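Residue-level structural notes
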Amino acid sequence: MLEFLPEPMREPTVLAIPFFVTLLAIEWWAAAKLEHDHDDEPSVSAEGTDRRARPGAYDSRDARSSVTMGLVSIATSAFWKFLGLLLYTALFAYVAPWQLPIGEWYTWVIAFLGVDFLFYWSHRVSHRVRLVWATHQAHHSSEYFNFATALRQKWNISAAVLMWIPLPLLGVPPALVFFAYSLNLVYQFWIHTERIGTMWAPFEFVFNTPSHHRVHHGCDPEYLDRNYGGVFIVWDRLFGSFAPEIRRPRYGLTKPVGTHNIWRLQTHEYAAIARDVRSASTWRARLGYIFGPPGWAPNGQVQPSTDVEETAAERDSTKRVSRPS
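Residues numbered from 1 in each chain as written. Predicted model: local features only at pLDDT ≥ 70, side-chain atom pairs only at ≥ 80, totals over all residues. Heavy atoms only, no water.

Considerations on the packing of aromatic side chains
Aromatic ring pairs: the centre-centre distance and the angle between the two ring planes describe each pair. The criterion, for reference: Classification of ring pairs uses Phe, Tyr and Trp, with its six-membered ring standing for Trp, and accepts pairs whose centres are within 6.5 Å; under 30 degrees between planes counts as stacked, over 60 as edge-to-face, and the remaining range as tilted. In this description a helix means any DSSP run of H or I spanning at least four residues, a strand means any run of E spanning at least two, and both kinds are numbered starting from the N terminus. When accessible area is computed with a 1.4 Å probe and restricted to protein chains, residues below 20% of their type maximum are described as buried, those above 50% as exposed, and intermediate ones as partly exposed.
According to the stated counting rule, one finds 20 aromatic pairs in the structure shown. A centroid spacing of 5.5 Å and a plane angle of 80° characterise the contact between Trp108 and Phe179, whose relative ring orientation is edge-to-face. Here Phe179 lies in helix 9 (residues 174-189) and Trp108 lies in helix 4 (residues 105-128), a separation of 71 residues in the sequence. The class for Trp108 is partly exposed, based on a relative accessible area of 36%. Measuring from ring centre to ring centre gives 4.7 Å for Phe203 and Phe207, while their planes differ by 25°; the resulting arrangement is stacked. Judged by its relative accessible area of 24%, Phe203 falls in the partly exposed class. Relative accessible area serves as the criterion here: at 25%, Phe207 is assigned to the partly exposed category. Site record: aromatic cluster; members linked through ring pairs are Phe117, Tyr120, Trp121, Tyr228, Trp235 and Phe239.

So, the nonpolar core
What counts, and what does not: Nine residue types can take part in a nonpolar core, namely buried Ala, Val, Leu, Ile, Met, Phe, Trp, Tyr and Cys, and a core is a set of them joined through side-chain atoms within 4.5 Å. Residue contacts are counted whenever heavy atoms from the two residues lie within 4.5 Å of one another.
By size, the foremost hydrophobic cluster in this structure holds 17 residues, and its most contacted members are Tyr88, Val115, Trp164, Leu167, Val172, Val177 and Tyr181. Only helix 4, helix 7 (158-163) and helix 9 provide two or more residues apiece to this core. Ranked by residues supplied to this core, first place goes to helix 9 with 5 residues. For Tyr181, the contacting residues outside a window of four places in its chain are Lys81, Val115, Phe119, Ile157 and Trp164. Grouped together as the second largest cluster of nonpolar side chains are 8 residues, Tyr120, Ile191, Tyr228 and Phe232 included.

Points about the environment of His217
Cut-off, in case you're wondering: Polar contact is defined as a pair of N or O atoms within 3.5 Å, subject to the rule that within protein one atom must be able to donate a hydrogen and the other to accept it, and that residues adjacent in sequence are counted only when both atoms are side-chain atoms.
Along the chain, His217 falls in helix 11 (residues 210-217). Using a relative accessible area of 2% as the deciding quantity, one classes His217 as buried. Here the alpha-carbon distance between His217 and Pro249, two residues 32 residues apart in the chain, equals 7.7 Å. A polar atom in the side chain of His217 sits 3.5 Å from the side chain of His192.

Quick notes on the environment of Met199
For Met199, the position within the fold is in the loop between helix 9 and helix 10 (201-206). In sequence terms Met199 and Thr209 are 10 residues apart; their C-alpha atoms lie 7.7 Å from each other.

A few points about the layout of surface pockets
We apply this condition: Cavities and pockets are defined on a 1 Å grid built over the protein atoms alone: a cavity is a set of grid points where a 1.4 Å probe fits but cannot escape, while a pocket is an open set with protein on both sides within 12 Å along at least five of seven lines, and lining residues are those with an atom within 4 Å of any such point. Grid points are joined across faces, edges and corners, and a volume is the space filled by probe spheres set on the points. Just so you know the grouping, Ala, Val, Leu, Ile, Met, Phe, Trp, Tyr, Cys and Pro go in nonpolar, Asp, Glu, Lys and Arg go in charged, and all remaining residues, Gly too, go in polar.
By volume, the second largest pocket is sized at about 460 Å³. Ser142, Glu143, Tyr144, Tyr251 and Pro256 are, among the 25 residues lining the second largest pocket, the residues nearest its centre. Class assignment for the residues of the lining of the second largest pocket results in 10 nonpolar, 7 polar and 8 charged.

Description of the packing of helix 3 (residues 60-94) against helix 9
Note the cut-off: Note on definitions: angles span 0 to 180 degrees between N-to-C directions of axes, and those axes are lines fitted to C-alpha atoms, for helices only across the stretch in contact. An angle below 35 degrees is treated as roughly parallel, one above 145 as roughly antiparallel, one from 65 to 115 as roughly perpendicular, and anything else as oblique.
The N-to-C vectors of helix 3 and helix 9 enclose an angle of 135°; their axes lie 8 Å apart at closest approach. By the angle between their directions, the pair helix 3 and helix 9 is classed as oblique. Contacts between helix 3 and helix 9 involve Lys81, Gly84, Leu85, Tyr88, Thr89 and Phe92 on the former and, on the latter, Pro174, Ala175, Val177, Phe178, Tyr181 and Ser182. Considering only residue class, the contact of helix 3 with helix 9 consists of 8 nonpolar, 3 polar and 1 charged.

Note that every value here comes from positions in space, so none of it alone points to a role or purpose.
Right under this line is the structure:
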């Protein structure tokens with residue numbers, strides 16, 4: 001279907017770049033226009049406590065970091081997908097009990113639903129296991145929620161590649177696994193906006209929407225670790241992780257990183273894990289700092305810092321405070 005294009009351009013996320021850029025430019029222009037129209041309004045609430053940016057606002061440095069991380073992620077994801085393709089091809093050819101025909105419609109449906117189902121669980125794991133959260137937290141590091149934030153992607157997708165292994169084992173063609181994942185990411189671009197409120201109720205019930213995803217990016221206690229779905233929100237409804245949007249969220253990490261440096265945004269949590277492991281006195285603590293939930297502490301509680309160097313639990317600039325799944 002896309003044979004007329006050079007091979008590197010057949011990737012759906014690459015094909016969608018003009019769409020991404022157009023929507024981002026429109027939203028950014030609208031944000032600038034509205035900001036200009038409201039320049040005479042106070043920047044705080046009547047109580048003087050809410051200093052959040054207006055809904056849909058942009059910060060040029062924040063947006064630049066997001067876009068740059070997205071561009072780098074195209075290259076890093078290609079590397080992980082190449083390794084995954086080698087593994088999937090071997091499983092598909094030598095282990096799978098059957099091989100689904102790539103030309104049949106039901107194979108595409110199975111691939112799309114299977115990728116989204118496994119995306120839900122991969123996404124949930126990435127919020128509940130600190131080592132995996134270290135790869136994902138950069139996407140949550142922006143205190144803005146707009147189309148640029150959608151491009152703030154992680155550079156290490158190894159956890160997702162491992163999570164999709166059941167698909168080639170069930171006979172889904174490897175290339176179709178990655179194609180379905182790319183379609184999944186393209187869908188998720190448009191839900192990163194505050195310009196769309198709630199939608200038609202039946203659509204909101206089945207699909208992930210901006211309202212649902214705003215909750216996911218919120219760092220408010222009632223919004224933490226909710227709404228993991230990619231395309232379908234029904235997985236969250238089925239597995240008890242759904243939360244409705246009851247008020248505008250505060251976005252970002254519970255402990256902001258405080259930088260626009262893309263390298264630090266991507267790697268600071270790995271460094272924090274290494275420091276915690278080095279300082280741990282028992283193997284239980286070492287393993288807990290690596291595989292426990294973000295905010296895990298040896299005594300099972302999140303404790304405030306009592307030193308200049310933050311404790312692991314408080315420093316988890318990682319957005320998530322330990323809580324049951």
